[in-house]
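Here are the chains, one letter per residue:
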Amino acid sequence: LAYLIYTSGSTGQPKGVGNTHANVVRLLARTQDWYGFSSKDVWTLFHSYAFDFSVWEIFGGLFYGGRLVVVPDLVRKSPDEFIDLLAREGVTILNQTPSAFYQLAESLRSRSDLPQLALKMVIFGGEALDPRKLASWYQLGLPAQLVNMYGITETTVHVTYQPLTAELARSAFFSPIGQPLPDLQAHILDGSLRQVPVGVWGELYIAGAGLARGYWGRAGLTSERFIANPHGPSGSRMYRSGDLGRWRTDGVLEFGGRADDQVKVRGFRIEPGEIEASLMALDGVSQAAVVLREVADEQRLVAYVVGGDVPPASDLRAALGAVLPEYMVPSSFVVLEGLPLTTSGKLDRRALPAPEIVGVSAYEAPESATEALLCRLYGELTGAGRVSVTDNFFALGGHSLMAMRLVVRLREELGVEVPLRAVFAEASPRALAQVITDGSSNQNTPLLPLQTEGRQLPLFCIHPAGGLVLVYETLVAGIGPNIPLYGLQARGLENDDPPHR
């Protein structure tokens, strides 16, 4: 046994992974044909030695007689100071988690005095890489080769190797992790441990020489994760990673994130990475993270964005609404100077601040009891700290189900029946208060205006079998601002009669 490194993974329960001297030596030997490391190379020890990426950094430098520069903690947390260290020490081999490197590349791009760097190779590991976030690096025109390596502590740091290019970074949607090391095998299997076809997502299992002995003092957990390999020699083992993968037709392996990374919002299963990628495609956004948080007793998507000129939340919401369904648009957007990182250089989700729900308009105080009531209800339902009478209910994070709750609350507190269509058509407290006060909501018409602006011919959508037209909400973003959109609901939805279909 060479070392124990404790990892919690997605379980939150720390477990010690035991790896051997032989595993480390073969890792370095089996990758040498790709990298050609030598005694002339200068490496950095950037990561905590409690993180297995450090095993590659320490012994990658020393195994070949190179020089290892230990990065001070304060320098590690400052991209600008770290850039100066790279130039001063003549570092040739840099290992980074993607989250740390995005910040480094952004700092390099923003500097007017780009230093002379000796970098020959930048190797990624530790978390999923989004190749499209490398655009700022490739704009610099530096000669260093970027390489993506997928790995797990239980498989001795690295499993696969994929050199990157600017073209690949522009075109890849998922993280390309390439080919397994020569003495490892990657299997993409279904729930019955059968190989899945090319192009189909499955769970990634690793077999071969790099597997750890198991978990220290955890025989039961070891037998659960290190299982018999039905696709290899008799008596061989494979490690169940819990990660999603698929083979491309060109033989490249793609990483699809954790099998348990999906979140569920209002009954919909969502991949946060898809929302992050859409945010990253917007001008002014250099980094993004999307997490599920509890806001006003409801699980909601919150987006954290970084950039030099991040658009207002209303613009971000509108841009995402044009490419994503309504349920995937975050209810809140938080602009940060930089995403917080753990000591391992990964995104520290626990350190992301709670969102402050604010409107997009200048604050105007309520002038009537009804307006004050609506401002209070808007705040209670959306979690907004202060609501202006001109704030839009949906811009505060409201959605169709929340609109229904608003109608119920108004019935309970005012004893009035406010049609659901009025909430959509008159979404501010001031406009909705006017509807309540003078009864100008046209309650007897089944016509629900979903978008009244626009100079082109209007589009009328007939209700489906349920009688409601809320399913057409997301169409507003899809058709753009120039086409008025109206929904025709079933008659009888404003009273106790059954809807007429």
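See the structure printed just above.
Residues numbered from 1 in each chain as written. Predicted model: local features only at pLDDT ≥ 70, side-chain atom pairs only at ≥ 80, totals over all residues. Heavy atoms only, no water.

**Things to note about the sheet that holds strand β12 (residues 214–215)**
Part 1 of the argument: What the three strands build is an open sheet, ordered β1-β2-β12; its pairing is antiparallel. Of all the strands in the sheet, the pair left with one neighbour each is β1 (3–7) and β12.
Part 2 of the argument: Sheet topology places strand β2 (residues 15–19) next to β12; two bridges connect them, and they run antiparallel. Following the sheet pairing, Val 17 is matched in β12 by Tyr 215. (Pairing = 2+ DSSP bridges. Helix = DSSP H or I, 4+ residues; strand = E, 2+ residues; numbered from the N terminus.)

**A look at helix α5 (residues 98–110)**
A turn of α-helix holds 3.6 residues, and therefore any two residues three or four places apart point the same way.
Part 1 of the argument: Taking 1.5 Å of rise per residue, the 13 residues of α5 would be expected to cover 18 Å, and the 18 Å separating its terminal C-alpha atoms lies within 8% of that figure.
Part 2 of the argument: Taken residue by residue, α5 has Pro 98, Ser 99, Ala 100, Phe 101, Tyr 102, Gln 103, Leu 104, Ala 105, Glu 106, Ser 107 and Leu 108 as its buried positions.
Part 3 of the argument: As for α5, its buried residues are in contact with α4 (79–89), β5 (93–96), β6 (121–124), α6 (135–140), β7 (145–148) and β18 (287–295). (Expected span 1.5 Å × (residues − 1). Buried < 20%, exposed > 50% of the residue type's maximum accessible area, 1.4 Å probe, protein only. Contact = heavy atoms within 4.5 Å.)

**Re the packing of α4 against α5**
Part 1 of the argument: Interaxial distance between α4 and α5 falls to 9 Å at its minimum, and their mutual angle equals 80°. It follows from the interaxial angle that α4 and α5 lie roughly perpendicular. Every residue of α5 that contacts α4 at Pro 79, Asp 80, Phe 82, Ile 83 and Leu 86 is listed here: Gln 103, Leu 104, Ser 107 and Leu 108.
Part 2 of the argument: Here the residues of the contact of α4 with α5 sort into six nonpolar, two polar and one charged. (Axes fitted to C-alpha atoms, helices over the stretch in contact; angles between N-to-C directions. Parallel < 35°, antiparallel > 145°, perpendicular 65-115°, else oblique. Nonpolar A, V, L, I, M, F, W, Y, C, P; charged D, E, K, R; others polar.)

**Side note on the pattern of salt bridges**
A side chain of one charge can pair with a side chain of the opposite charge when the charged atoms of the two come close.
Part 1 of the argument: Per the stated rule, a full pass over the model turns up 24 salt bridges.
Part 2 of the argument: Here Glu 254 makes a salt bridge to Arg 246, at a shortest N to O gap of 2.8 Å. Across this residue pair, the class does not change: Glu 254 and Arg 246 are buried.
Part 3 of the argument: Put simply, Arg 248 and Asp 250 hold a salt bridge, and the shortest N to O gap is 2.8 Å.
Part 4 of the argument: Residues joined by salt bridges that share partners form a network here, namely Arg 246, Arg 248, Asp 250 and Glu 254. (Salt bridge = Lys/Arg side-chain N within 4 Å of Asp/Glu carboxyl O.)

**Focus on the packing of aromatic side chains**
Part 1 of the argument: If you walk through the whole model with that rule in mind, you get 20 aromatic pairs.
Part 2 of the argument: A centroid spacing of 5.5 Å and a plane angle of 85° characterise the contact between Tyr 35 and Tyr 161, whose relative ring orientation is edge-to-face. With Tyr 35 in helix α1 (residues 21–35) and Tyr 161 in strand β8 (residues 160–163), this residue pair connects regions lying 126 residues apart in the sequence. Summarising the burial analysis for this pair, Tyr 35 and Tyr 161 share the class buried.
Part 3 of the argument: Ring centres of Phe 393 and Phe 394 lie 5.2 Å apart, and the angle between their planes is 85°; this geometry places the pair in the edge-to-face category.
Part 4 of the argument: Accessibility expressed as a relative area gives 0% for Phe 393, which makes it buried.
Part 5 of the argument: Overall, Phe 394 belongs to the buried group, its relative accessible area being 18%.
Part 6 of the argument: One cation-aromatic arrangement involves Arg 386 over Tyr 363; the distance from NZ or CZ to the ring centre is 3.9 Å. (Phe/Tyr/Trp six-rings, centres within 6.5 Å; stacked < 30°, edge-to-face > 60°. Lys NZ or Arg CZ within 6 Å of the ring centre and 35° of its normal.)

**Section: the sheet that holds strand β23 (residues 485–488)**
Part 1 of the argument: A sheet is described by the order of its strands in space; here three strands give the open sequence β21-β23-β22, paired in mixed fashion. Two strands close off the open sheet at either side, each with one partner strand: β21 (447–451) and β22 (459–462). Going across the sheet, the axis of each strand differs from the next one's by a mean of 25°, ignoring polarity.

**Comments concerning unusual backbone geometry**
Part 1 of the argument: Of note, the phi angle at Val 157 is positive, near 70°, even though the residue is not glycine.
Part 2 of the argument: In this structure, Val 157 sits in the loop between β7 and β8.
Part 3 of the argument: With relative accessibility at 5%, the residue Val 157 sits in the buried group.
Part 4 of the argument: Unlike most non-glycine residues, Leu 193 shows phi in positive territory, near 65°.
Part 5 of the argument: Judged by relative accessible area, Leu 193 falls into the partly exposed class, the value being 26%.

**Describing the nonpolar core**
Soluble, globular proteins show a tendency: their nonpolar side chains are buried together.
Part 1 of the argument: Tyr 35, Phe 37, Trp 56, Ile 123, Tyr 150 and Ile 206 are the most contacted members of the largest nonpolar core, which has 40 residues in total.
Part 2 of the argument: Elements with a minimum of two residues in this core: β1, α1, α2 (53–63), β6, β10 (184–189), β11 (202–208) and β15 (253–258).
Part 3 of the argument: Of all the elements, α1 adds the most residues to this core, at four residues.
Part 4 of the argument: Among all residues touching Ile 123, those that are not within four sequence positions of it are Tyr 35, Phe 37, Phe 53, Trp 56, Ile 93, Leu 94, Asn 95, Gln 96, Val 147 and Met 149.
Part 5 of the argument: Grouped together as the second largest cluster of nonpolar side chains are 34 residues, Leu 374, Leu 377, Ala 403 and Leu 420 included. (Core = buried A, V, L, I, M, F, W, Y, C linked by side-chain atoms within 4.5 Å.)

**A short note on the packing of α1 against α2**
Part 1 of the argument: Two numbers describe how α1 lies on α2: the axes approach to 11 Å, and their chain directions differ by 70°. In terms of orientation, α1 lies roughly perpendicular with respect to α2. Helix-helix and strand crossings are classified by hand; for α1 and α2 the assignment is right-handed. Residue-level inspection shows Val 24, Val 25, Leu 27, Leu 28, Thr 31 and Tyr 35 of α1 in contact with α2, the latter providing Val 55, Trp 56, Phe 59, Gly 60 and Phe 63.
Part 2 of the argument: Taken together, the residues of the contact of α1 with α2 break down into nine nonpolar, two polar and no charged. (Left-handed = near helix turned anticlockwise from the far one by under 90°.)

Spatial relationships are all this shows, so hold off on functional conclusions.
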